[in-house]
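# A structural walkthrough
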There are 4 protein chains.
Amino acid sequence: MRGQLRADAQRLLRRPAGDGLARFGSIAELRERARRRVPRPMFDFADGAAQDELTARANVEDLAALRILPRPLVDVGEIDVSTTVLGRPIAMPMLGAPTGLTALTHHQGELAVARACARAGTIYIASTMASYTIEEIRAATDGPLWFQLYVMRDRGIARDLMRRAREARCEALVLTVDTPRLGSRERDRRNGFTIPPRITARAVVEGLRRPTWARAFVREGRLGPANLTGGLAEFAMEIDPSLSWRDLEWVRGEWDGPLVVKGVLHPDDARRAVELGAQAIVVSNHGGRQLDGAASTISALPGVLDAVADDAEVHFDGGVRRGADVLKALALGARVCLIGRALLYGLAVGGEAGAARALEILRGELELALALAGCPAVGRLDSSWLLDRHQERAG
Amino acid sequence: MRGQLRADAQRLLRRPAGDGLARFGSIAELRERARRRVPRPMFDFADGAAQDELTARANVEDLAALRILPRPLVDVGEIDVSTTVLGRPIAMPMLGAPTGLTALTHHQGELAVARACARAGTIYIASTMASYTIEEIRAATDGPLWFQLYVMRDRGIARDLMRRAREARCEALVLTVDTPRLGSRERDRRNGFTIPPRITARAVVEGLRRPTWARAFVREGRLGPANLTGGLAEFAMEIDPSLSWRDLEWVRGEWDGPLVVKGVLHPDDARRAVELGAQAIVVSNHGGRQLDGAASTISALPGVLDAVADDAEVHFDGGVRRGADVLKALALGARVCLIGRALLYGLAVGGEAGAARALEILRGELELALALAGCPAVGRLDSSWLLDRHQERAG
Amino acid sequence: MRGQLRADAQRLLRRPAGDGLARFGSIAELRERARRRVPRPMFDFADGAAQDELTARANVEDLAALRILPRPLVDVGEIDVSTTVLGRPIAMPMLGAPTGLTALTHHQGELAVARACARAGTIYIASTMASYTIEEIRAATDGPLWFQLYVMRDRGIARDLMRRAREARCEALVLTVDTPRLGSRERDRRNGFTIPPRITARAVVEGLRRPTWARAFVREGRLGPANLTGGLAEFAMEIDPSLSWRDLEWVRGEWDGPLVVKGVLHPDDARRAVELGAQAIVVSNHGGRQLDGAASTISALPGVLDAVADDAEVHFDGGVRRGADVLKALALGARVCLIGRALLYGLAVGGEAGAARALEILRGELELALALAGCPAVGRLDSSWLLDRHQERAG
Amino acid sequence: MRGQLRADAQRLLRRPAGDGLARFGSIAELRERARRRVPRPMFDFADGAAQDELTARANVEDLAALRILPRPLVDVGEIDVSTTVLGRPIAMPMLGAPTGLTALTHHQGELAVARACARAGTIYIASTMASYTIEEIRAATDGPLWFQLYVMRDRGIARDLMRRAREARCEALVLTVDTPRLGSRERDRRNGFTIPPRITARAVVEGLRRPTWARAFVREGRLGPANLTGGLAEFAMEIDPSLSWRDLEWVRGEWDGPLVVKGVLHPDDARRAVELGAQAIVVSNHGGRQLDGAASTISALPGVLDAVADDAEVHFDGGVRRGADVLKALALGARVCLIGRALLYGLAVGGEAGAARALEILRGELELALALAGCPAVGRLDSSWLLDRHQERAG
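Quick summary incoming for the structure in this document. All figures in this text were calculated on a predicted structure; none of them were measured in a lab. (Residues numbered from 1 in each chain as written. Chains lettered and ligands numbered in written order. Predicted model: local features only at pLDDT ≥ 70, side-chain atom pairs only at ≥ 80, totals over all residues. Heavy atoms only, no water.)

### What about helix H14 (residues 297-308) of chain D?
All names here are of chain D.
- Compared with an ideal rise of 1.5 Å per residue, which puts twelve residues at 16 Å, H14 spans 16 Å between its outermost C-alpha atoms and is within 8% of the ideal.
- With respect to burial, H14 is a largely interior element, ten of its twelve residues being buried.
- The set of residues buried in H14 consists of Thr297, Ile298, Ser299, Ala300, Leu301, Pro302, Val304, Leu305, Ala307 and Val308. (Helix = DSSP H or I, 4+ residues; strand = E, 2+ residues; numbered from the N terminus. Expected span 1.5 Å × (residues − 1). Buried < 20%, exposed > 50% of the residue type's maximum accessible area, 1.4 Å probe, protein only.)

### Brief notes about the interface of chain D and chain A
- Counting residues at the interface gives 50 residues for chain D, matched by 44 residues for chain A.
- Summing both partners gives a buried area of about 4,100 Å² for chain D against chain A, and 58% of it is carried by carbon and sulfur.
- It is Arg181, Arg189 and Leu291 of chain D that lose the most area in chain D upon contact with chain A, and together they represent 19% of the buried surface on that side.
- Of the charged contacts in the structure, one is a salt bridge between Asp62 of chain D and Arg67 of chain A, with a shortest N-O distance of 3.0 Å.
- On inspection of chain D and its partner chain A, the count reaches twelve residue pairs in polar contact (both at pLDDT 80 or more).
- Listed by contribution, the elements that provide at least two residues to the side of chain D that touches chain A are helix H4 (54-65), helix H8 (186-191), helix H11 (232-238), helix H12 (245-254), strand E7 (259-264), helix H13 (267-275) and H14 of chain D.
- Of the residues in the side of chain D that touches chain A, the class split is 23 nonpolar, 14 polar and 13 charged. (Contact = heavy atoms within 4.5 Å. Buried area = accessible area lost by both parts, 1.4 Å probe. Salt bridge = Lys/Arg side-chain N within 4 Å of Asp/Glu carboxyl O. Polar contact = N/O pair within 3.5 Å; in protein donor to acceptor, adjacent residues only side chain to side chain. Nonpolar A, V, L, I, M, F, W, Y, C, P; charged D, E, K, R; others polar.)

### With respect to the relation of the copies chain B and chain A
- With an RMSD of 0.0 Å, the operation that places chain B on chain A is a rotation of 90° combined with a shift of 0.1 Å along the axis. Read as a symmetry element, the transformation amounts to a four-fold axis. (Least-squares fit on C-alpha atoms with pLDDT ≥ 70 in both.)

### Quick look at the interface of chain B and chain A
- Facing 44 residues of chain B, the contacting portion of chain A comprises 50 residues.
- For the chain B and chain A pair, buried surface summed over both sides reaches about 4,100 Å², with 58% attributable to carbon and sulfur atoms.
- Inspection of the chain B/chain A interface yields six salt bridges.
- Seen at the junction of chain B and chain A, the total is twelve residue pairs in polar contact (both at pLDDT 80 or more).
- Elements that contribute at least two residues to the side of chain B that touches chain A include exactly helix H1 (2-13), helix H15 (323-332), helix H16 (341-373) and helix H17 (387-394) of chain B.
- Element by element, the count of residues in the side of chain B that touches chain A is highest for H1 of chain B, at nine residues.
- Residues that form the side of chain B that touches chain A fall into these classes: 22 nonpolar, seven polar and 15 charged.

### Focus on the environment of Arg155 of chain A
Residue and element names in this part refer to chain A.
- Topologically, Arg155 is positioned in helix H7 (residues 155-167).
- Here Arg155 falls in the partly exposed class, since its relative accessible area comes to 22%.
- Sequence separation of Arg155 and Ile239 is 84 residues, and the distance between their C-alpha atoms is 11 Å.
- When sequence neighbours within four positions are dropped, the list of residues in contact with Arg155 reads Asp240, Leu243, Asp247 and Trp250.
- Of the polar contacts made by the side chain of Arg155, one reaches the backbone oxygen of Met152; its length is 3.1 Å.

Below you can see the structure in the form of structure tokens.
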């Protein structure tokens, strides 16, 4: 704790450096810098969402609208943000969310983010759509990995990916169920964003305006999803829109480790997934990138918790930009939060160190929020910390 | 379905063309282009609404505020958006709404929109106030038509219009009941919009700034409502403000096909119209063009459904700009949505092909929304897909 | 009614004139023009409100937020907006609200507004603080007048004013009870607004920029309240902050005609005023010019109606800018609406004819709103026309 | 009262002076002027709050959203804003809130604010973090003082501070419990704000642009917290994050005068603090400077009042910018309001006289609000003055 106070003190003493990652003090600042470093189409691919982005905005705004009732006079000399997720201890209640084609944000892509997560003592969830193969990611880090699976038309691909994930010592499988088709990302369409990118006059101009990114990308960048063959369009062709609960049973049979089902908002679906053997549910709307008009994740979280909290873990995804957002989701009952865009902003700014900085910021904010809220350990959070919940119970 | 996936894939592969309708990917983009192609007074006539446009805005905003709870792991390999309306099969749950003086938006007016609807496998509702006669519209397409009727002082006109509608094989009569007088469209007043338009210096200047529209309009345009004699002002004179429930009985007696009553927001009126023989109710506030201050249609829809859903179809009109809006209205219980302004924006941009593009966009968005919401057929939608409705039932 | 339709038709046929009052089609347009005709300090005196103007804004916004459920198929060939107020027939349910120092807006001040009200078949409420004496106003018009009374320290002044009001054939006395002190009008303070105005460099510059207003004001304008001696500052000195319920009893004893109590928001006060002999209550917060933070009048109206509707009339004041606002207040249960700023905007634009135009606009909008809402007479309005009220009763 | 009316009158007669504090008529105007007088980093230190400043904004906005139901016809000839706090009579229900490093806003810092409070007949709460020692503050004024205590790691410091506070005749001890660590003030970080400030090029430039402030500060300014050794960073190191309820008991034992606990939002904590011997609770979120995301104080106030109003006083802190805000907090049940930023804005503008002007504005606004609300004495306020509260009781 004295270390944390020292950090507080240094924050006050230190003039922000002209360079260096330490001068970025919030995810918003990382995002702003990322916007100026990464070519627009690549930034928008990571930052954007479906259609009018109503759901993506609601994720953030509904979280911000929740109000905390802090508790004073609790010894917060030691703040314990460590927890376990599916039995595995992690240093903080945040996981690296699976993101596809991460090398478009920074040429080191998932390698960098996975290392940053390991350094932070937490799990990285490698995506089926990653720019680097699961073997490359495993080679880059000894940290704990989970594997996110899209089940495609050819079930052999899924079986193969599960085998590779097992061999890469992935400790859990995260089955994404909200992508029977790709959402309509209008920024991408307007940007003429394609995978692999075409060499067009506009692309060259964009590259010249972002020379650091472009040089690195030309030397070492990855264009498509490395676990698969072909680009995003091929992937869109191979998505299996007929995926059903039977396939969940099949996956459950194929994978003998812990199974997480990601992309659930409806309580009945959460219950069914748990009955079919899922150990955890990720309440997620894919960051607002799939169905625009879907409920914000924080508005759907209580219903899912009511349905399955006794029998499974509930993980939260969507809109986390501050440590206090993590506190709120955990106070409602989530076990951990998935961190997606925040890590990408950090990655864009400084590769592995930038991604690590993003986690450091969120962890620091969470610790500070817990200390100020009078909660010395994330495990003690409950809904008595939230104004409206408290009033409901009293009312 | 694979065709749809291919479309998704092509969307990702294809750079938006420098021209061609395919590059318009949303109704908002069509509207923006329409605004720059059509002279201001004509654009405002189509786009505008009454007074402060509170109701027109509420139509759109109240729809956007509804939140969907998507259901995963449902086989959405085939999405069936076909339905029936009054017993007639249609390819998608959207009808071409009746709009008056459509040739002011594009010289081909209703001919183009009717053909686009037919091509899309759905019904076009020709307006009493159309720029082309019902006979001309019928000659332009073999597609299914309905006829929208204003009953004017001289009941002979209505009887004559019904006869002509029958002869033109219109399958249903849509009696509009929300126009005992014309609403106050302040944009039109400020634009000095008159029917027929006057040749003023300002009109000439506007024409020179929109040469494509102006040339076509001068060669082939229509000024007034073709089914009637005289312009909008004459129409305003002939509207019958004394229209009453007795007239509905009279119309019911004169027209032996299906009867739809359009312009109902109050549950009691819906019930009465059904008791007097209407087969369907269109919940509509005339797109906010009549009474500014009227409830948004989505806020009035549940009350009307409670009143008559067992005995009649309920159609929804007002504020639909996205496929997800259709999903929401149908999840509440509407059978189909009427598409008005969206078709006019498409028409303005590309005549028949533009109107067809508007329907193609909405249909594609609806299919995608259904797939992402886990509903393989529009017929299965119910209120369990809506967050607040779900919470109400649980609460 | 055919006359009204003819007006609708003419609206469509007629290009708005380059000049003439007919081209102003809404109160907002009159306000915009007034802002450019009247020197800023004088405009702000009329247009502004207390402090942050929270209450003034809430008056308008809370009215706009109410939603109407229109009723179709009702014979609205004749719209009857006539009503009675305290037994007196008036041509429309709007009264000219008492406004002080009206000559600052236009040199003819209350003379012009009173004539406009008479022409419109309704009552004008002359203010104690009027720029013209009650005798001058009576000389200017034969129309029905009420007199608004401030009771000042010297009760003799009030007794004298009541005598003069009686002699001027004022039919009712409106006792304003919300002004024990003057509200803090920050625009006035920032403008250096004083009564009488000082001749400063800034005033001269303002005058030169608004020459029409200035010339007329110099020739014929009135500076202070004519019924009293001294200016606004003297008035502020003479206000009696100790006014109490006992004074209401005293006034009740002195005045044997109908008594209206203006400036009530709390149900208990409405009840007490009626018990002490008031025939009507005006729900008013002085247009937001007194206590900033006071409830909007439309939010307070239902409570007052519940308390006294069986025993007295309830009049509505505050935020009326559209005919539909009148419809809403009457649907909740108000008998008439007071029209203040709207009349001043009209007055500023065109003197008596401008004030008359403001009433003409509001009356026309009300008739149109009633027709479109399916209510042929204001007397038939009730809360079934309002969405939320309807839902409450159903819920 | 006649004096107040005279003030009203003078306000109307007097053109705002080109200089002089009288021309500042609202806290917002003082803030605007302060922003232009004080170097940005110093202004932001006082004006800013934690992270996204959600809580700071909510404090202000939630107060503004409360609606008052004024009561007319009550004798408000004399408005009594005097009250007692912990038994001590004060001239108005506002206390000078403890603020740290006040000399950064104006070189006379707490000396000036304490004198202004004394002049206004109320209490000033000197902060542990004040720029001047408690002995210096006591030497500057004979007015009533309280002392705000931070308990640091070295309990000897707290014991010493309590002794000094007692010797300086501080009448109560205000134990702040919401600062186990310092909140994250992002404006400060971005400004490179440090204590003591560094002499950098930017600082010199800032100083040259604010020469009045800079000259005075160089001659007489204080850099660090005078009661302690070291700057803000050292303070951050010495804060005791392990402060707990046991320490409250210890303080209760050490201090035999009245004890106030500041920084409570949760009802259970209020109850516990009272059980442990606190005479008053300050509902405070540290002006939004600690936990961003904490509930606004006005939203938390009712819960705390329900918990302890029978056994202790409840003081209100956060967001007060208008006299009507004080009325609202008192109507809910608070005894007094703490005034922080408003005093600093005044101080920045005119030192002691400026701080006095801020209190004069708030007192004048409160008196006016009470008069217009029909409440002649703050002691009579209750929740019947608030619209929603009234409706709740009726509903």
